[in-house]
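Residue strings, one per chain:
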Amino acid sequence: MKEKMKLDKYAVYEKGRVYEVLVFPFIKNMYVYDRTGGDHDRDGCQIDASREAFTCISYAMAILADDPGKLLYFPCNQPGYGEYYPFTCHMVLCRPELQFRRSLWTKIRSRLDKKHWQGKYTLRYDRKKLYDYFEKVLVRKYGYHGQNALSSWAFKIQDGGCDNWKRFEGLIEEEINDTIFFVPERICCHDWHYCIAKTLDDEDWEKDTPPYGMYTYKGYIFSDQTICRINGEERKKK
């Protein structure tokens, strides 16, 4: 299954180097937020969003799995409805190899304009190829954990192991101002992609899902019924 997506591409010079930034479109019903604190102290940052948003996140993981040199920006900060998602953020994804100083992001984002626009980046997304690599290479090497995810043996456990959620499963995450940064290692990109894409492929989205949707990597995928509940709309008739 091959798909294409075009994204705006920018090149911004800052602190002695050029950063290539790919910008995804704004997507309604995409909530990125920090769950740290209280009973959720180990949960860290989370993404709850529509199927459209998670499809784009799976595309982003495909890009990062192949190219550690890009910054991927989701301008998704938006108000929730009532009690749902009162505090949300934008999202930036990048690989640790980029060695990106996250404190530079505000300056870089302010320059995502016509002067720094480099045209369109075309993603040629081959889901079958990514599935094959995950199932025939990574799963055979590291084992299978469940919920479409690799065994934890696949990842670098640093700075306290499982008790340090910021570095568990090859993923660093941090909230700065109005943006949450996820910094996954390459193998984590493949794991994140497979988990999301398989959930999107395999679930029956015509049926009603649990109140918060179907849980996948770092958050819940909303069904249409879930979106209706969150937005205070009347339940859709089947």
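All values reported here derive from a predicted model rather than from experimental measurement.

Things to note about the sheet that holds strand β2 (residues 17-23)
(1) Moving on: Strand order across the open sheet formed by seven strands is β7-β1-β2-β5-β6-β11-β10, with mixed pairing between neighbours. A single partner strand is all that each edge strand has here, and the edge strands are β7 (117-126) and β10 (171-176). Direction aside, the axes of adjacent strands within the sheet are offset by 25° on average.
(2) Moving on: On the sheet, helix α4 (residues 186-202) packs against β6 (90-93), β7, β10 and β11 (179-184) and is oriented at approximately 110° with respect to β11.

Some points on α4
(1) Moving on: Relative to the 24 Å expected for 17 residues at 1.5 Å per residue, α4 spans 24 Å between its end C-alpha atoms, a close match to the ideal helical length.
(2) Moving on: For α4, the tally of buried residues reaches 14 of 17 residues, placing the bulk of the element in the interior.

Thoughts on the pairing of strand β1 (residues 2-14)
(1) Moving on: Looking at chain direction, β1 and β7 are connected through eight bridges and run antiparallel. Along β7, the bridge assignment pairs K6 with T122.
(2) Moving on: Bridging between β1 and β2 involves seven bridges; their strand directions are antiparallel. Bridging across to β2, E14 finds its partner in R17.
(3) Moving on: Once β1 ends, the chain turns through two residues before running back antiparallel as β2, passing K15 with a positive phi of about 55°.

Some words on the pattern of salt bridges
(1) Moving on: Considering all chains together, one arrives at 13 salt bridges under this definition.
(2) Moving on: With a shortest N-O distance of 2.6 Å, D201 and R127 are connected by a salt bridge. Taken together, the residues span a long stretch of sequence, with D201 in helix α4 and R127 in helix α3 (residues 127-142) at a distance of 74 residues.
(3) Moving on: Linked by salt bridges that have partners in common, E3, R127 and D201 make up one network.

Considerations on the nonpolar core
(1) Moving on: Residues F24, F74, M91, L93, F182 and W192 are the most contacted members of the largest nonpolar core, which totals 51 residues.
(2) Moving on: Ranked by the residues each element gives to this core, the list is headed by helix α1 (residues 51-66), at 11 residues.
(3) Moving on: Those residues in contact with M91, other than ones at most four positions away along the chain, are M30, V32, I47, I57, L72, Y73, F74, C76, T179, I180 and F182.
(4) Moving on: By size, the runner-up hydrophobic cluster in this structure holds 17 residues, among which are V21, V92, L98 and W105.

So, the confidence of the model for the protein chain
A low pLDDT means the predicted coordinates there should not be read in detail.
(1) Moving on: Mean pLDDT over the protein chain works out to 83, with 80% of the residues at or above the 70 mark.
(2) Moving on: Per-residue pLDDT stays below 50 along residues 38-42; that stretch engages in seven contacts with residues further than four places along the chain or on separate chains.
(3) Moving on: Contacts for the low-pLDDT stretch residues 157-168, under 50 throughout, to residues beyond four places or in other chains number 25 contacts.

Considerations on the sheet that holds strand β13 (residues 219-222)
(1) Moving on: Judged by pairing direction, the sheet is mixed, and its four strands sit side by side in the order β3-β4-β13-β12 without closing on themselves. Looking at which strands have only one partner, the edges of the open sheet turn out to be β3 (30-34) and β12 (214-216). For this sheet, the mean inter-axis angle between neighbouring strands, taken without regard to orientation, is 20°.
(2) Moving on: Strand direction decides the pairing type here: β3 and strand β4 (residues 45-50), joined by five bridges, are antiparallel. Note that in β4 the partner of Y33 across the bridge is Q46.
(3) Moving on: Together, β3, β4, β12 and β13 form the strand contacts of α1, whose direction differs from that of β4 by roughly 120°.
(4) Moving on: Across the sheet, α4 lies against β4, β12 and β13, angled at about 160° from β12, the strand it touches most.

Cut-offs used in this document
Residues numbered from 1 in each chain as written. Predicted model: local features only at pLDDT ≥ 70, side-chain atom pairs only at ≥ 80, totals over all residues. Heavy atoms only, no water. Pairing = 2+ DSSP bridges. Helix = DSSP H or I, 4+ residues; strand = E, 2+ residues; numbered from the N terminus. Axes fitted to C-alpha atoms, helices over the stretch in contact; angles between N-to-C directions. Contact = heavy atoms within 4.5 Å. Expected span 1.5 Å × (residues − 1). Buried < 20%, exposed > 50% of the residue type's maximum accessible area, 1.4 Å probe, protein only. Salt bridge = Lys/Arg side-chain N within 4 Å of Asp/Glu carboxyl O. Core = buried A, V, L, I, M, F, W, Y, C linked by side-chain atoms within 4.5 Å. pLDDT = per-residue confidence, 0-100.

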